[in-house]
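# Close look at the chain arrangement
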Protein chains: 2
Amino acid sequence: MNKAWRSIILLGLISLLLAALAFGCAQKAPTPPTTATIPAGEPDPAVWGKVYPDQYASYLKQKEMTKGNSKYGGSVPESHLKEAPVQVKLFAGYPFSEDYNEERGHVWALEDVTKTQRVGPKTISSCWNCKSPNVPPLIEKMGDSFWSTPFDQLKDQIKHPIACADCHDAQTNALKITRVTLLDALKTRGVDPAKLSRQEMRTMVCAQCHVEYYFRPEDKRVTYPWKYGLKMDDAEKLYEEINFKDWDHKESGAPMLKAQHPDYELFSTGVHAANGVACADCHMPYIKQGTSKISSHQIQSPLNSLSQSCQTCHKQSEQYLKDQVIGTQDQVFKTKVSLEKALSDAIDAINTASKNPNAKAEMMTQARTLHRKSQWRWDYISAENSMGFHSPKEALRVLGEGIDLARQAQLTANLAVGTAAGGTANPDAGKTPGAGTSVDAAGPGAAPKQQ
Amino acid sequence: MNKAWRSIILLGLISLLLAALAFGCAQKAPTPPTTATIPAGEPDPAVWGKVYPDQYASYLKQKEMTKGNSKYGGSVPESHLKEAPVQVKLFAGYPFSEDYNEERGHVWALEDVTKTQRVGPKTISSCWNCKSPNVPPLIEKMGDSFWSTPFDQLKDQIKHPIACADCHDAQTNALKITRVTLLDALKTRGVDPAKLSRQEMRTMVCAQCHVEYYFRPEDKRVTYPWKYGLKMDDAEKLYEEINFKDWDHKESGAPMLKAQHPDYELFSTGVHAANGVACADCHMPYIKQGTSKISSHQIQSPLNSLSQSCQTCHKQSEQYLKDQVIGTQDQVFKTKVSLEKALSDAIDAINTASKNPNAKAEMMTQARTLHRKSQWRWDYISAENSMGFHSPKEALRVLGEGIDLARQAQLTANLAVGTAAGGTANPDAGKTPGAGTSVDAAGPGAAPKQQ
């Protein structure tokens, strides 16, 4: 009897303990989402914020404008044109030559797209596609007439910058592809979006917008050039096939391609992608916010969250990790600057040659094609948002090709006029008549090799 | 009394068990080295092999000639000149244009150095420095007169290819720097060799020879150009300072630099070095040989020992690891080939221009300097033994610079004669007299821009 009582008391204590533990755990876990109050497709993040206050609080931190730990990038809207005036020349004849700033956080998307000088009376609504959760319902309503509708005409209906509804389903909170443009592109690639894993979705919601795109000529529908694959060369192949150009370069006359921000595509060629890492793993790490552990919605450079973003896999010190990232970016930056110089020389050479009535037309066309191809490579890496870190080797390969092509553009333009044109200045030009001018140089005869 | 007996028996059993365990461990551990039979500095590896039979057995496997898992490299003495005939042109006027094969294992060092057509009556003993454990005693005996002694004169005293004594102390078996040339270089860098850790020594014994070097002009002492640092640019800075050249290029007339095999230097700039990985960690992984676990002395590509070399740190599959390495090498190789084409075009342009009596001397000098600098970059990566894998980003940066400089060499040579010279052929040359020849192109006037 004594033993039986002891057993009953012990059992009672264990039950109490388990109940207490269960209660404690329930207290610690984040409040289970109660989405009852969010209407389907609700565009206003403040409404979502009532159900997800911690995520919303971190989302609002996107307002911060800071370089943080970044050497390149950050969220301060500095002018790329002031930093590197050569870009004014590279974009000559295109609005990017007038206004081109570092982008700020998602919450600034509407202010930035409406205030940039690149937007004018000819701007179309394709430019709204990635700026607001008000867009998908509009596209659904208007169909393909949406894209070419004047930008200003839809201004009043677009009220919220990039927010919750762009990536989440309001009812289930599941990640969701809301942009038809990505759905189009996945179809082209033979990918069934229904079969994407949650980890893949943690990349694909970003790939809705952080990609290269063009406006389909017939109706200006935003289109990703993925027909042949995700690499720079694949996009170029498509652009050549459809004879696409964004503008004619004002100085060289070349039919140019403007790269957008192929963050997802470049990332896809890198070692992080090869290991199944998602965009959100680094850019939206798990953090403690308020009383819960959430995926940070202050989407930003992982340099500002090294311990949460990098050290989950890489056990080295924060200083080491920062040095590796910035050291890599330094190498890409240096090579990018070399390409800018080569492009500038190429543009000068083509420009000078084009003023010569005897320039060989075929070679001038060839020089312009080379300018187009080399600047496409430069812009692909320059417009991409990681200074090459998303895939450093691929970035350096692409820039190396760009340098080769830019210098060949310069050479070809020079050869088109058969004279010293543009680029590297001839320090003796005009000084020593009769010696070394192109007229004399055209004379025959082989002389002993000079040393 | 019963209890006391039980305790005694238990204690006895435990003691027996411990003794058995201790005996078992002793049996499993490798025979402790008994170096009594190895005389100090013993050059013959077979003598060491009697004390270290397992290490010696793995050392002898270096005789194997195989591509193994390598796409680039391997230990088959294939001709680089046959693989890439453009190299005959790049090395014009230098023995590497006549005979340049992929290297075999250390055990072949003597056969390969004596049979190569690069060695002739003018070859000096500096070329023995890294080929045999017979060398250090000779240098000790002969002092700096060793270096310029005719190669053939010491042939009979050099009997063993690279072997145990090159890296180990015969008495203690400890790792040992036996080459004065590395000791010189460490002094230049302010490094005290006595303070190197064992892990550092697992790299430094390799850095005795797998480095860039030149022959000090006054006495031909083998010297590593580390005065300003270990990077490509640092070596170049020194070579410029001392006005060094290896040969004059037969076609361009440029004063050229030949890169040796800066494996250690390139590795030093990479991510493995930054994490304290030593050469031996990857190239001499721990393997089971005979009854013991030893550091493999079949020094070779880690692609042939992915599980022992890579998977100790990298937990991905062997196929993934192989794909990463070869994918990286593919990118470096592709960029290297672009640079070879650019160099070939530069050489043609300089060669053509140099036959023109009116070529501007100053610009020709500039073009030759650019040829020197660009080919130095190419050779630095080409002669290095990892197709860039030791530091892919640095390799790609260096090659990108090389492309820029080679194309500038070509441009400058063209400008020196103010005409279409070399490189990109002019398809219309001579076809349309009076239109587009350099004589006409020299005419004045700006025409409307051609499209």
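Residues numbered from 1 in each chain as written. Chains lettered and ligands numbered in written order. Predicted model: local features only at pLDDT ≥ 70, side-chain atom pairs only at ≥ 80, totals over all residues. Heavy atoms only, no water.

## Quick look at the overall build of chain A
- The helix and strand tally for chain A stands at 19 helices and 6 strands.
- Contacts in chain A between residues far apart in sequence, at least 24 positions, make up 68% of those at least 6 positions apart.
- Total accessible area on chain A stands at roughly 21,000 Å², and carbon and sulfur atoms take up 58% of it. (Helix = DSSP H or I, 4+ residues; strand = E, 2+ residues; numbered from the N terminus. Contact = heavy atoms within 4.5 Å. Areas by Shrake-Rupley, 256 points an atom, 1.4 Å probe, with all protein chains shown as cover.)

## Overview of the packing of helix α16 (residues 318-354) of chain A against helix α17 (residues 361-382) of chain A
Residue and element names in this part refer to chain A.
- Running from N to C, α16 and α17 cross one another at 155°; their axes reach a closest spacing of 10 Å. In terms of their interaxial angle, α16 and α17 are classed as roughly antiparallel. The crossing of α16 and α17 is left-handed. Contact residues: α16 offers Val-332, Lys-336, Leu-339, Glu-340, Leu-343, Ile-347, Ile-350, Ala-353 and Ser-354, while α17 offers Met-364, Ala-367, Arg-368, His-371, Ser-374, Gln-375, Trp-378, Ile-381 and Ser-382.
- Here the contact of α16 with α17 is built from residues that sort into 10 nonpolar, 5 polar and 3 charged. (Axes fitted to C-alpha atoms, helices over the stretch in contact; angles between N-to-C directions. Parallel < 35°, antiparallel > 145°, perpendicular 65-115°, else oblique. Left-handed = near helix turned anticlockwise from the far one by under 90°. Nonpolar A, V, L, I, M, F, W, Y, C, P; charged D, E, K, R; others polar.)

## Overview of the packing of aromatic side chains
- Scanning all chains against the criterion turns up 38 aromatic pairs over all chains.
- A centroid spacing of 4.3 Å and a plane angle of 20° characterise the contact between Tyr-94 of chain A and Trp-247 of chain A, whose relative ring orientation is stacked. Of this pair, Tyr-94 of chain A sits in the loop between α5 (86-90) and α6 (109-115) while Trp-247 of chain A sits in strand β3 (residues 247-248); the two residues are 153 residues apart in sequence, bridging distant segments of the chain.
- Residues Phe-91 of chain B and Trp-378 of chain B carry aromatic rings whose centres are separated by 5.6 Å and whose planes lie at 55° to one another, so their mutual orientation is tilted. Here Phe-91 of chain B, found in the loop between α5 (86-90) and α6 (109-115), pairs with Trp-378 of chain B, found in helix α17 (residues 361-382); they are 287 residues apart in sequence, far enough to count as distant. Just as Phe-91 of chain B is buried, Trp-378 of chain B falls in that class too.
- Among the aromatic residues, those joined into a cluster by ring pairs are Phe-91, Tyr-94, Phe-96, Tyr-100, Trp-247 and Trp-378 of chain A.
- We note Lys-237 of chain B situated over the ring of Tyr-228 of chain B; from NZ or CZ to the ring centre the distance is 4.1 Å. (Phe/Tyr/Trp six-rings, centres within 6.5 Å; stacked < 30°, edge-to-face > 60°. Buried < 20%, exposed > 50% of the residue type's maximum accessible area, 1.4 Å probe, protein only. Lys NZ or Arg CZ within 6 Å of the ring centre and 35° of its normal.)

## What about the state of the cysteines?
Residue and element names in this part refer to chain A.
- In the structure shown here, the tally under the stated rule is 2 disulfides over all chains.
- The disulfide that involves Cys-130 links it to Cys-209, with 2.1 Å between the sulfurs. Every disulfide takes its handedness from the sign of the S-S torsion; for Cys-130 and Cys-209 that torsion is -95°, giving left-handed. Taken as a pair, Cys-130 in the loop between α6 and α7 (135-142) and Cys-209 in the loop between α10 (198-207) and β1 (214-215) lie far apart in primary sequence, 79 residues in all.
- Lacking any disulfide linkage, Cys-282 is separated from the closest cysteine sulfur, that of Cys-310, by 6.4 Å. (Disulfide = S-S within 2.5 Å.)

## Concerning the environment of Ile-139 of chain B
- As for its placement among the helices and strands, Ile-139 of chain B is situated in helix α7 (residues 135-142).
- For the pair Ile-139 of chain B and Val-180 of chain B, spaced 41 residues apart in sequence, the C-alpha separation works out to 8.7 Å.

## Points about the nonpolar core
- Grouped together as the largest cluster of nonpolar side chains are 72 residues, with contacts concentrated most on Trp-376 and Ile-381 of chain A together with Trp-376 and Ile-381 of chain B.
- Put simply, the parts of the chain that give this core at least two residues each are α11 (232-241), α16, α17 and α18 (392-417) of chain A together with α11 (232-241), α16 (318-354), α17 and α18 (392-417) of chain B.
- Setting aside its immediate chain neighbours within four residues, Ile-381 of chain B contacts Leu-266, Val-332, Ala-395, Val-398 and Leu-399 of chain B. (Core = buried A, V, L, I, M, F, W, Y, C linked by side-chain atoms within 4.5 Å.)

## What about unusual backbone geometry?
- Backbone geometry at Met-387 of chain A places phi at a positive 45°, although glycine is not the residue there.
- In this fold, Met-387 of chain A is placed in the loop between α17 and α18.
- The phi angle at Asn-173 of chain B is positive, at roughly 70°, despite the residue not being glycine.
- Following the sequence through the fold, Asn-173 of chain B ends up in the loop between α8 (145-148) and α9 (180-188).

## Things to note about the side chain of Glu-340 of chain A
Residues and elements named next belong to chain A.
- Here Glu-340 shows up in helix α16.
- For Glu-340, a relative accessible area of 5% puts it in the buried group.
- Side-chain polar atoms of Glu-340 contact the side chain of Trp-378, separated by 3.0 Å.
- In this structure Glu-340 touches Ala-84, Val-86, Gln-87, Leu-90 and Trp-378, once residues within four positions along its chain are discounted. (Polar contact = N/O pair within 3.5 Å; in protein donor to acceptor, adjacent residues only side chain to side chain.)

## Some words on helix α9 (residues 180-188) of chain A
Residue and element names in this part refer to chain A.
- Of all the positions in α9, only Thr-181, Leu-182, Ala-185 and Leu-186 are classed as buried. In a view along the axis of α9, the buried residues occupy a sector of 135°, so they form one face of it.
- In this fold, the buried residues of α9 make contact with α8 (145-148), α10 and β2 (222-223).
- Downstream of α9 by a residue or two, Gly-190 has a phi angle that is positive, lying close to 70°. (Arc of directions from axis to C-beta.)

## Considerations on the packing of α16 of chain A against α18 of chain A
Residue and element names in this part refer to chain A.
- In contact at an axis separation of 8 Å, α16 and α18 are set at 15° when each is read in the N-to-C sense. Comparing the axis directions of α16 and α18 gives the class roughly parallel. In this structure, the crossing between α16 and α18 has a hand that is left-handed.
- Each residue belonging to the contact of α16 with α18 can be placed in one class, and the counts come to 17 nonpolar, 7 polar and 4 charged.

## As for the side chain of Arg-179 of chain B
All names here are of chain B.
- Tracing the backbone through its elements, the reader meets Arg-179 in the loop between α8 and α9.
- In terms of polar contacts, Arg-179 uses its side chain to reach the side chain of Thr-178, at 2.9 Å.
- Contacts of Arg-179, omitting those with residues within four sequence positions, involve Asn-129, Cys-130, Ser-132, Pro-133, Val-135, Pro-136, Asp-166 and Gln-208.

## Considering the confidence of the model for chain A
Residue and element names in this part refer to chain A.
- Summary statistics for chain A give a mean pLDDT of 88 and a share of 85% for residues scoring 70 or more.
- A low-confidence stretch, residues 20-31 (pLDDT under 50), is modelled with 2 contacts involving residues beyond four sequence positions or located in other chains.
- Low pLDDT, under 50, characterises residues 420-451; the predicted model gives this stretch 70 contacts beyond four residues in sequence or across chains.
- Two summary scores accompany this predicted model of the complex, namely pTM at 0.85 and ipTM at 0.83. (pLDDT = per-residue confidence, 0-100.)

## Regarding the pattern of salt bridges
- All chains considered together, the criterion is met by 60 salt bridges over all chains.
- For Arg-216 of chain A, the salt bridge goes to Asp-144 of chain A, with nearest N and O atoms at 3.6 Å. With a gap of 72 residues between them, Arg-216 of chain A in the loop between β1 and β2 and Asp-144 of chain A in the loop between α7 and α8 connect regions that are remote in the sequence.
- Where Lys-258 of chain B meets Asp-379 of chain B, a salt bridge forms, and the shortest distance between an N and an O atom there is 2.8 Å. Residue Lys-258 of chain B is located in the loop between β4 (255-256) and α12 (263-268), and its partner Asp-379 of chain B is located in helix α17; the two are separated by 121 residues in the primary sequence. (Salt bridge = Lys/Arg side-chain N within 4 Å of Asp/Glu carboxyl O.)

## A word on the pairing of strand β6 (residues 292-295) of chain B
Residues and elements named next belong to chain B.
- Sheet topology note: the strand β5 (residues 286-289)/β6 ladder contains 4 bridges and is antiparallel. In the sheet register, Ile-287 faces β6, and the bridge partner there is Ile-294.
- Between β5 and β6, which follow one another and run antiparallel, lie 2 residues, and Gly-290 among them has a positive phi close to 60°. (Pairing = 2+ DSSP bridges.)

## Focus on empty space enclosed by the protein
- Considering all chains together, one arrives at 2 cavities of 30 Å³ or more under this definition.
- In this structure, the second largest cavity encloses a volume near 30 Å³.
- As for the second largest cavity, its lining consists of Arg-397, Gly-400 and Glu-401 of chain A together with Lys-334, Thr-335 and Ser-338 of chain B.
- Elements represented by at least two residues in the lining of the second largest cavity include exactly α18 of chain A together with α16 of chain B.
- Classifying every residue of the lining of the second largest cavity by side-chain character gives no nonpolar, 3 polar and 3 charged. (1 Å grid on protein atoms, 1.4 Å probe; cavity = no way out; pocket = protein on both sides within 12 Å on 5 of 7 lines; lining within 4 Å. Points joined across faces, edges and corners; volume = space filled by probe spheres on them.)

## What to know about helix α3 (residues 53-60) of chain B
- Among all positions in α3 of chain B, only Asp-54, Ser-58 and Tyr-59 of chain B are buried. Down the axis, α3 of chain B shows its buried residues gathered within 140° of arc, on one side only.

## Digging into the environment of Thr-149 of chain B
All names here are of chain B.
- Within the secondary structure layout, Thr-149 lies in the loop between α8 and α9.
- The class for Thr-149 is buried, based on a relative accessible area of 8%.
- For the pair Thr-149 and Arg-6, spaced 143 residues apart in sequence, the C-alpha separation works out to 81 Å.
- The contact partners of Thr-149, leaving out residues within four places of it in the chain, are Ile-124, Ser-125, Met-142 and Leu-154.

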